[in-house]
Amino acid sequence: MASPWVLARVAGPSMSPTVRHGDRLLVRRVRSAAAVRTGDVVLARFPSRPDLLVVKRVRRTVPGGHWVEGDNPLITDDSRAYGPAVVVGRVVARLRPRLGRLPPMPPT
């Protein structure tokens, strides 16, 4: 049986300033889409790009999964490019290099 916990390392600036390149994140796997809420920072995959595992923020629930976007609006490797995502897990803490909880969703 797989562990409910996953460690993820951020690569790239798409979630800056919330999380930055090199940050390590503690992620709790989700068993159902109901465990994910708007504003959560998540680890997700896109059915159209199954090789791509991303850390993004949930904007809303849509048919086929969740609409996820990065906090950095200049980077579009998210649902704007690949469509709905399937959430693998919810980020619960940043481990390194900056410890702490993640800030809430920035204003839109």
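The shown structure was predicted, so the numbers you read here are calculated from the model rather than taken from an experiment.

### Here we look at the side chain of R94
And step 1. Here R94 lies in strand β6 (residues 86-96).
And step 2. Buried and without a salt bridge, R94 has D23 as its closest oppositely charged side chain, separated by 4.2 Å.
And step 3. A distance of 2.6 Å separates a polar atom in the side chain of R94 from the backbone oxygen of T18.

### Quick look at the pairing of strand β3 (residues 41-46)
And step 1. Counting buried residues along β3, five of its six residues qualify, which places the element largely inside the surrounding structure.
And step 2. Here β3 pairs with strand β4 (residues 49-62) via six bridges, running antiparallel. If you follow F46 over to β4, its bridge partner there is R49.
And step 3. Linking β3 to β4, which pair antiparallel, is a turn of two residues.

### A look at the side chain of D40
And step 1. Looking at the element boundaries, D40 is found in the loop between β2 (24-29) and β3.
And step 2. No salt bridge is formed by the buried D40, whose closest oppositely charged neighbour, R90, lies at an N-O distance of 4.2 Å.
And step 3. A polar contact of 2.9 Å, which involves the side chain of D40, links it to the backbone nitrogen of R37.
And step 4. For D40, the residues in contact, after removing those within four places along its chain, are A35, K56, R57, V58 and R90.

The rules behind these values
- Residues numbered from 1 in each chain as written.
- Predicted model: local features only at pLDDT ≥ 70, side-chain atom pairs only at ≥ 80, totals over all residues.
- Heavy atoms only, no water.
- Helix = DSSP H or I, 4+ residues; strand = E, 2+ residues; numbered from the N terminus.
- Buried < 20%, exposed > 50% of the residue type's maximum accessible area, 1.4 Å probe, protein only.
- Lys, Arg positive; Asp, Glu negative; His and termini not counted.
- Salt bridge = Lys/Arg side-chain N within 4 Å of Asp/Glu carboxyl O.
- Polar contact = N/O pair within 3.5 Å; in protein donor to acceptor, adjacent residues only side chain to side chain.
- Pairing = 2+ DSSP bridges.
- Contact = heavy atoms within 4.5 Å.

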